[in-house]
Amino acid sequence: MSTKEKLIKHVMEGEPVGSRNKVTVVGVGMVGMASAVSILLKDLCDELALVDVMEDKLKGEVMDLQHGSLFLKTHRIVGDKDYSVTAGSKVVVVTAGARQQEGESRLNLVQRNVNIFKFIIPNIVKYSPNCIMLVVSNPVDILTYVAWKLSGLPKHRVIGSGTNLDSARFRHLMAEKLKISPTSVHGWIVGEHGDSSVAVWSGVNVAGVSLQGLNPDMGTDKDKEDWKSVHKMVVDSAYEVIKLKGYTSWAIGMSVADLVESILKNLHKVHPVSTLVKGMHGVKEDVFLSVPCVLGNSGLTDVVHMTLKKSEEEQVVKSAETLWGVQKELTL
Amino acid sequence: MSSTLQKLITPLAEGPAEPPRNKVTVVGVGMVGMACAVSVLLRDLADELALVDVMEDKLKGEMMDLQHGSLFLKTPVIVADKDYAVTANSRVVVVTAGVRQQEGESRLNLVQRNVNIFKHIIPQIVKYSPNCIIIVVSNPVDVLTYVTWKLSGLPKHRVIGSGTNLDSARFRYLMAERLGIHSSSFNGWILGEHGDTSVPVWSGTNVAGVNLQKLNPEMGTDGDKENWKEAHKMVVDSAYEVIKLKGYTNWAIGLSVADLTESLVKNMNRVHPVSTMVKGMYGINDEVYLSLPCVLNSTGVCSVVNMTLTDDEIGQLKKSADTLWGIQKDLKDI
């Protein structure tokens, strides 16, 4: 008898149940790994799969995470360039693709990332036809549209990480100015995850007190306190961090884990994420933009209808037009 | 004309803000430092996190990236500066600064380069946080923990090396995988040097109190048909392997440091294999740092567990100690 047989007697008959809350992360770059580690440290899944084309890097990352198993509650961590390793995933996080260089806008990455997606997306769906796909790669709104088209999945199961991060940055910056916790400052950034995002100043509040009610100039150029600069800082955030450290990873990783948590735990929490907004707020095309959405284990089940001011609605339509301008040139 | 802030909020408490109670500093924002920082943040261990490094842009970028995630965290203050004043009043300081192993390079090779860096870092840490506990992570960790102890003037119970906490975690993972159980259900200790001469205490390996070496007396020897010894060899090779594949290691060491930090900050009295001053134990007569099972709480290393080791295992520890002392005695200006 082997040592194992002397120690342990297998008493169950039949096949083991396997994982029930599997998460896959596609792409083991800085964003993919930050997402993976955030998900692991929040104990969200019972199996984590990593996929990438760079085999050594992938294997090294899988090993490094496995070596931390003692400190984690995710028993199975696997990785392979073959997508069969992702089979049966509840959520698939897509971070693969080229990233912004210093000074480069997200829209510039489009065609390069579309080509990568043409390989990735069908493979994901082949092995996890019932999954919920969370697209992170930039430009996220366009690539969520692309993922939706290439996957054939219903729109409630293809979600873009969108302005979940922008809103988190906004709430952090507002909170610093007000000297309270970001969780106590409510504010939503919607629309494009990028240069034309829309800060809904009319909704910004603390304990239900509308800040714009206290300061009607808030968010405009006339405002002596220049609150509008907070939104500008959010738009500039990624460029700034990229300039300083070469890329951004931690904040987006944590924001992804936040979304995965709502999905896997069926929280019905409202997040600003990118979804098909055709027919809302005057948008006429098949465009994905961030609006407040209810997330649960079925995916993106409902959209909260925001009461926007006319100028805010115009900005959303303008975002949509910018994105459609790029989308219609794509060869899918 | 009152500002928006004044209209919104009426202050009630007077006086200056309270200082942090559980401040953690991480020195070095390379891959290991940031993995430690993120693990500490995601485990909600600190009420303030400070980062220090000499590379100012990288430091500022990392700080901003973490701050942007503050909505998802429970650490309200995240600061960073190349000036150590930002680290004042830390309870725990994690030192990850220094050069790291290149592919194929042993940890001992890094020594003198890292000693020179520590001569600048350690006095600054102690200046601003005289009551802190220092966790040294930079390699070769046992030698550098000794160096830190000397340079800091702190009592030995407040200078800890991350030591074989990671080796033991890797060992438990690899052994547990072979047995089909979770790492936390496999008990096994690797002691001594965090490196090529680490000592796996096969006589202590057990699951649910069942001693494995009693089930298989050959376990850990070359004669063992099941070759369990290979698990230890894989642990020793782990870092080299991961470095070869991805260029460095960071996640596992980051998680292991957060595990130690938790015991310190929460005063848990958990036993961890960490590097401590072992002169006087197991016949070791030199001032060397080696990993032994230590009880960690808010004072630091409050006590050491006297493991029952075989003569052979004690011999290996002494050999480790001699190797390390051989290096330490040649170090300049500490």
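Residues numbered from 1 in each chain as written. Chains lettered and ligands numbered in written order. Predicted model: local features only at pLDDT ≥ 70, side-chain atom pairs only at ≥ 80, totals over all residues. Heavy atoms only, no water.

- By the naming in an unreviewed UniProt entry, chain B goes by L-lactate dehydrogenase and is assigned to Alosa alosa.
- Its UniProt record, at the heading Subunit (unreviewed entry), says of chain B: "Homotetramer."
- The UniProt entry for chain B carries this comment under Sequence similarities (unreviewed entry): "Belongs to the LDH/MDH superfamily. LDH family." (UniProt positions renumbered as here; feature names shortened; annotations may be inferred.)

## As for the overall build of chain A
Right, so step 1: Along its length, chain A carries ten helices and 14 strands.
Right, so step 2: Compactness check: chain A gives a C-alpha radius of gyration of 21 Å against a globular reference of 20 Å for 332 residues, within 12% of the reference.
Right, so step 3: The C-alpha extent of chain A, read off along each of the three principal axes, is 80 × 45 × 40 Å.
Right, so step 4: Here chain A, with 332 residues, has 58% of them falling under the buried criterion.
Right, so step 5: Counting only contacts in chain A whose residues sit at least 6 apart along the sequence, the fraction spanning at least 24 positions is 70%.
Right, so step 6: Of the roughly 13600 Å² that chain A leaves accessible, carbon and sulfur atoms contribute 52%.
Right, so step 7: The distance from the centre of the 38 positive side-chain charges to the centre of the 37 negative ones in chain A is 3 Å. (Helix = DSSP H or I, 4+ residues; strand = E, 2+ residues; numbered from the N terminus. Rg over C-alpha atoms; globule rule 2.2 N^0.38 Å. Buried < 20%, exposed > 50% of the residue type's maximum accessible area, 1.4 Å probe, protein only. Contact = heavy atoms within 4.5 Å. Areas by Shrake-Rupley, 256 points an atom, 1.4 Å probe, with all protein chains shown as cover. Lys, Arg positive; Asp, Glu negative; His and termini not counted. Charge placed at Lys NZ, Arg CZ, Asp CG, Glu CD.)

## Thoughts on the interface of chain A and chain B
Many analyses report the size of an interface as the accessible area lost when the parts associate.
Right, so step 1: Each partner contributes residues to the interface: chain A has 59 residues there, and chain B has 60 residues.
Right, so step 2: For the pairing of chain A and chain B, the buried interface totals around 5600 Å² over both sides, and the portion due to carbon and sulfur atoms is 68%.
Right, so step 3: Interface area lost by chain A to chain B is led by His67, Phe71 and Trp250 of chain A, which between them contribute 14%.
Right, so step 4: The tally of links from chain A across to chain B stands at four salt bridges.
Right, so step 5: One salt bridge connects Lys246 of chain B with Asp64 of chain A, and the closest N-O pair in it is separated by 2.7 Å.
Right, so step 6: Where chain A meets chain B, there are 29 residue pairs in polar contact (both at pLDDT 80 or more).
Right, so step 7: Of all the elements in the fold, those that place two or more residues in the side of chain A that touches chain B are α1 (3-7), α2 (30-41), α3 (55-66), α6 (164-178), α7 (211-214), α8 (228-245) and α9 (250-264) of chain A. (Buried area = accessible area lost by both parts, 1.4 Å probe. Salt bridge = Lys/Arg side-chain N within 4 Å of Asp/Glu carboxyl O. Polar contact = N/O pair within 3.5 Å; in protein donor to acceptor, adjacent residues only side chain to side chain.)

## Here's the deal with the pairing of strand β13 (residues 288-296) of chain A
All names here are of chain A.
Right, so step 1: Within β13, nine of the nine residues are buried, which leaves it mostly tucked inside the rest of the structure.
Right, so step 2: When strand β12 (residues 269-276) meets β13, the two strands line up antiparallel, connected through eight bridges. Across the sheet, the residue bridging to Ser274 is Ser290, located in β13.
Right, so step 3: Judged from the four bridges that link them, β13 and strand β14 (residues 299-303) form a sheet pairing that is antiparallel. (Pairing = 2+ DSSP bridges.)

## Examining the pattern of salt bridges
Right, so step 1: Counted according to the given criterion, the structure contains 27 salt bridges over all chains.
Right, so step 2: Between Glu61 of chain A and Lys246 of chain B there is a salt bridge, with the nearest N and O atoms lying 2.7 Å from each other. Of the two residues, Glu61 of chain A sits in helix α3 while Lys246 of chain B sits in helix α8 (residues 229-246), which places them in two different chains.
Right, so step 3: Linking Lys265 of chain A and Glu261 of chain A is a salt bridge whose minimum nitrogen-to-oxygen distance equals 3.0 Å.
Right, so step 4: Classification of Glu261 of chain A by relative accessible area gives buried; the value is 15%.
Right, so step 5: Three or more residues are tied together by salt bridges with common partners; here these are Lys57, Glu61 and Asp64 of chain A together with Lys246 of chain B.

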